[in-house]
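Next come the chains, spelled out residue by residue.
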Amino acid sequence: MELLICGTAAAEGWPALFCICEACERARELGGKNIRTRAAYMIDDRLRVDFGPDSYMHQLKYGLRYDKLEHLILTHAHSDHWYPTDVHYRRRGYSVVPPDSLMYIWGNEKVYQRFEQVNPDHWDSYKIVYKRITPWRRMDLGNGVIGVPIAAAHDSSEECVNYVLTENGRTLLIGHDTGWYEEPTWMYLSGQSLNVVLFDCTYGPNDYPRGHLGCTGVVRARDELAKRGALASDARVIATHFSHNGGWLHEDLEKFFAPHGIEVAYDGMKLTV
Ligand SMILES: [Zn+2]
Ligand SMILES: [Zn+2]
Ligand SMILES: [Zn+2]
């Protein structure tokens, strides 16, 4: 699987929309890897994980072709990950979609409801089929790719998930918008041989126990995977989903993570799983 990390920020982006904090001002000054858009991923041009308000910008920036998307996979319904208003433009009159094109959207109940709130027509009008996810139930994503939603520890008002994606024995864990996993998730991961792991680092150097992880949380989570034998020998562990409230710029994050053998994601980072 070819993975493109399109965005690496928490909800408000970095620099944040209206923010004058030091971390945002420094990011504006330095640019480069310090500019972070809302989290999303492309896998092999055919699959996308999350569709937030920067999706259109991602299309322009990375030359993406959403007309070729076959599966859109949503982790949860928070607005930085799911901006269903833009799906409206898949409808006739706004876009000429290839006649045989069908896009599958996989999400929880709240993802479904938010789509219906802003897209008043039947899903057919958008050439979309909605698939309701259930944690632990396998998803067939075509071309030999299997996805499994695993329970995240994020927001108890909806069924938030992370995803394990496997193709040809290579496995990717997309683990943003989660705090410390509950035991069933650790148990599930214990049976894996993960080649690439992305973990939530929203809090940066300030570690809080709930909803997200920070720098030390990412190290602890990696160690927990190692302890449970869940990491392949070539495993790459990458921190992502950063908030400006953490204050550490890209270089600061790299300094912290380098001795732990953990990489720091940036917008536009590409890797082969
Ligand atoms: Zn988020
Ligand atoms: Zn700020
Ligand atoms: Zn969230």
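See the structure above.
The shown structure was predicted, so the numbers you read here are calculated from the model rather than taken from an experiment.

K.L.:
Explain the packing of aromatic side chains here, please?
P.N.:
Centre-to-centre distance and the angle between the planes together describe a pair of aromatic rings. Applying the stated rule across the entire model yields 15 aromatic pairs. Seen in terms of ring centroids, W136 and Y188 are 5.7 Å apart; in terms of plane orientation they differ by 40°. Their pairing is tilted. In this pair, W136 sits in the loop between β6 (128-132) and β7 (139-140) while Y188 sits in helix α4 (residues 183-190), placing the two residues 52 residues apart along the sequence. Residue classification places Y188 among the partly exposed residues on the basis of a relative accessible area of 25%. Between W180 and W186, the ring centres sit 4.9 Å apart and the planes meet at 50°, which makes this aromatic pair tilted. Three or more aromatic residues joined by ring pairs form one cluster here, namely W82, Y112, F115, W123, Y126 and Y130. Between K33 and the ring centre of Y266, over which it is positioned, the NZ or CZ distance is 4.3 Å. Between the NZ or CZ atom of R220 and the centre of the ring of W180, over which it lies, the distance is 4.3 Å.

K.L.:
Honestly, the coordination of the zinc ion (ligand 1) in this entry has me stumped. Any pointers?
P.N.:
D80 (OD), H81 (NE2), D177 (OD), D177 (OD) and H241 (NE2) make up the full set of protein donors to the zinc ion (ligand 1), lying at 2.1 to 2.6 Å. All donors of the zinc ion (ligand 1) come from a single chain, and their spacing in sequence reads D-H-x95-D-x63-H. Classification of H241 as buried rests on a relative accessible area of 1%.

K.L.:
Got a minute to help me understand the pattern of salt bridges in this structure?
P.N.:
When the charged atoms of two side chains with opposite charge come close together, those side chains can pair. Taken as a whole and assessed by the stated rule, the structure comprises 14 salt bridges. The shortest N-O distance in the salt bridge between D54 and R38 comes to 2.6 Å. Pair noted here: D54 is in the loop between β3 (47-49) and α2 (55-62) and R38 is in the loop between α1 (22-30) and β2 (40-43), with a separation of 16 residues, a long-range link. The exposure class of D54 is buried, given its relative accessible area of 11%. Among the ionic pairs, E109 bridges to R132, the shortest N-O distance being 3.4 Å.

K.L.:
I keep staring at the coordination of the zinc ion (ligand 2) and nothing clicks. Help me out?
P.N.:
Each pair of donors in an ideal four-coordinate tetrahedral metal site encloses 109.5 degrees, whereas pairs in an ideal six-coordinate octahedral site enclose 90 or 180 degrees. Around the zinc ion (ligand 2), the protein contributes the donor atoms C19 (SG), C21 (SG), C24 (SG) and H244 (ND1), which lie 2.1 to 2.3 Å from the metal centre. Counting residues between consecutive donors of the zinc ion (ligand 2) along the chain gives the motif C-x1-C-x2-C-x219-H. Residue class for C21 comes out partly exposed when judged on its relative accessible area of 26%. Overall, the relative accessible area of 0% leaves C24 in the buried class.

K.L.:
Got a minute to help me understand the sheet that holds strand β11 (residues 194-200) in this structure?
P.N.:
What links the strands of a sheet is backbone hydrogen bonding, and the strands pair in either a parallel or an antiparallel sense. Within the open sheet, the seven strands sit side by side as β7-β8-β9-β10-β11-β12-β13. Their pairing is mixed. Edge positions in the open sheet fall to β7 and β13 (263-264), since each of these has one partner strand only. Relative to strand β9 (residues 161-167), strand β8 (residues 146-151) runs antiparallel, the two sharing six bridges. Within β9, the position partnered with I150 by the bridge is N162. Sheet strands in contact with helix α5 (residues 215-227) are β11 and β12 (231-240), and its direction is about 150° off that of β11.

K.L.:
Just checking my understanding: could you explain unusual backbone geometry for this structure?
P.N.:
Most peptide bonds adopt trans geometry, and most residues besides glycine take a negative phi value. The omega torsion of the bond from W14 to P15 falls at 0°, within 30 degrees of zero and hence cis. Take P15: it is sitting in the loop between β1 (2-7) and α1. A positive phi angle, near 55°, is found at D44, a position not held by glycine. Within the element layout of this structure, D44 appears in the loop between β2 and β3. Take D44: its relative accessible area is 28%, and that puts it in the partly exposed class. In this model, D50 sits at a positive phi of 70°, which is unusual for a non-glycine residue. Positionally, D50 belongs in the loop between β3 and α2. Take D50: its relative accessible area is 0%, and that puts it in the buried class.

K.L.:
For this particular structure, what's the right way to read the sheet that holds β3?
P.N.:
In spatial order, the strands read β6-β5-β4-β3-β2-β1-β14; together these seven strands make up an open sheet with mixed pairing. The open sheet is flanked by β6 and β14 (269-272), the only strands paired with a single partner. If you compare each strand with its neighbour and ignore which way they point, the axes differ by 20° on average. The sheet contact formed by β1 and β2 spans four bridges and is antiparallel. Paired with L3 across the strands is I43, a residue of β2. Here α2 sits on the sheet and contacts β1, β2 and β3; the angle it forms with β1, its principal contact strand, is near 125°. Docked against the sheet, helix α3 (residues 109-118) engages β5 (103-107) and β6, running at close to 150° with respect to β6.

Calculation rules
- Residues numbered from 1 in each chain as written.
- Chains lettered and ligands numbered in written order.
- Predicted model: local features only at pLDDT ≥ 70, side-chain atom pairs only at ≥ 80, totals over all residues.
- Heavy atoms only, no water.
- Phe/Tyr/Trp six-rings, centres within 6.5 Å; stacked < 30°, edge-to-face > 60°.
- Helix = DSSP H or I, 4+ residues; strand = E, 2+ residues; numbered from the N terminus.
- Buried < 20%, exposed > 50% of the residue type's maximum accessible area, 1.4 Å probe, protein only.
- Lys NZ or Arg CZ within 6 Å of the ring centre and 35° of its normal.
- Donors = N, O, S within 2.8 Å, 3.2 Å for Na, K, Ca; no water.
- Salt bridge = Lys/Arg side-chain N within 4 Å of Asp/Glu carboxyl O.
- Pairing = 2+ DSSP bridges.
- Contact = heavy atoms within 4.5 Å.
- Axes fitted to C-alpha atoms, helices over the stretch in contact; angles between N-to-C directions.

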